[in-house]
Amino acid sequence: MRDLFEGLQTTTARGGAAERAAIEFLRQRGMRPVATNHRNPRGEIDLVALDGDTLCFVEIKARSRVEYGGGVAAVDARKRRRLCRAAEVYLIQYPHAGPCRFDVVSLDREGEEWRVTHYPDAFETS
């Protein structure tokens, strides 16, 4: 994958590029985006997508340095709690009868290339 952030100056622009790359990655694997950057009073969900009949709440993280575990390590307990709370509100607003899960997509730079890794069912609610 080419340099995701080439020519992008702001954190917002780099985040948007990472999210577009992750969404395209998941689309190529059969997932269907339902909502992006969904905000509600309890938080933000980067991506809501369907994987078959499973509704997936996806956190997308990009890291140009992997010394601290890469993108997936950035989804700490606090971030997981926020995502769960935002998902609860989303499901009140948009009920879903099927199963749900929480995924993480990590975009990590390895030398000159970017590696995209999808972690389906990355964590459970407590």
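Given the structure is predicted, the values throughout are model-derived calculations rather than measurements.

Attention now moves to the environment of A122. Mapped onto the secondary structure, A122 falls in strand 5 (residues 113-123). It is 9.9 Å that separates the C-alpha atoms of A122 and R80, two residues lying 42 residues apart in sequence. Apart from the residues within four sequence positions on either side, A122 is in contact with F102, D103 and V104.

A word on helix 3 (residues 77-93). Taking 1.5 Å of rise per residue, the 17 residues of helix 3 would be expected to cover 24 Å, and the 25 Å separating its terminal C-alpha atoms lies within 8% of that figure. Along helix 3, the residues classified as buried are L83, C84, A86, A87, V89 and Y90.

Moving on, we come to the pairing of strand 1 (residues 32-40). Side-chain direction in a regular strand flips from residue to residue, so the side chains alternate between the two faces of the sheet. For strand 1 and strand 2 (residues 43-51), the ladder comprises 7 bridges, and the chain directions are antiparallel. Residue R39 lies in a different strand from strand 2, and its bridge partner there is E44. Hairpin connection of strand 1 to strand 2: 2 residues between the antiparallel strands.

To continue, consider the sheet that holds strand 1. Judged by pairing direction, the sheet is mixed, and its 5 strands sit side by side in the order 1-2-3-4-5 without closing on themselves. Looking at which strands have only one partner, the edges of the open sheet turn out to be strand 1 and strand 5. Across the sheet, the mean angle separating the axes of adjacent strands is 30° when strand polarity is ignored. As defined by bridge partners, strand 2 adjoins strand 3 (residues 54-63) across 5 bridges and the pair is classed as antiparallel. Within the sheet, the bridge partner assigned to A49 lies in strand 3 and is C56. Contacting strand 1, strand 2, strand 3, strand 4 (100-110) and strand 5, helix 3 runs over the sheet at an angle of about 65° to strand 2.

As for its placement among the helices and strands, D108 is situated in strand 4. The class of D108 is buried, set by a relative accessible area of 3%. At 2.7 Å, the side chain of D108 forms a polar contact with the side chain of S106.

Criteria and cut-off values
Residues numbered from 1 in each chain as written. Predicted model: local features only at pLDDT ≥ 70, side-chain atom pairs only at ≥ 80, totals over all residues. Heavy atoms only, no water. Helix = DSSP H or I, 4+ residues; strand = E, 2+ residues; numbered from the N terminus. Contact = heavy atoms within 4.5 Å. Expected span 1.5 Å × (residues − 1). Buried < 20%, exposed > 50% of the residue type's maximum accessible area, 1.4 Å probe, protein only. Pairing = 2+ DSSP bridges. Axes fitted to C-alpha atoms, helices over the stretch in contact; angles between N-to-C directions. Polar contact = N/O pair within 3.5 Å; in protein donor to acceptor, adjacent residues only side chain to side chain.

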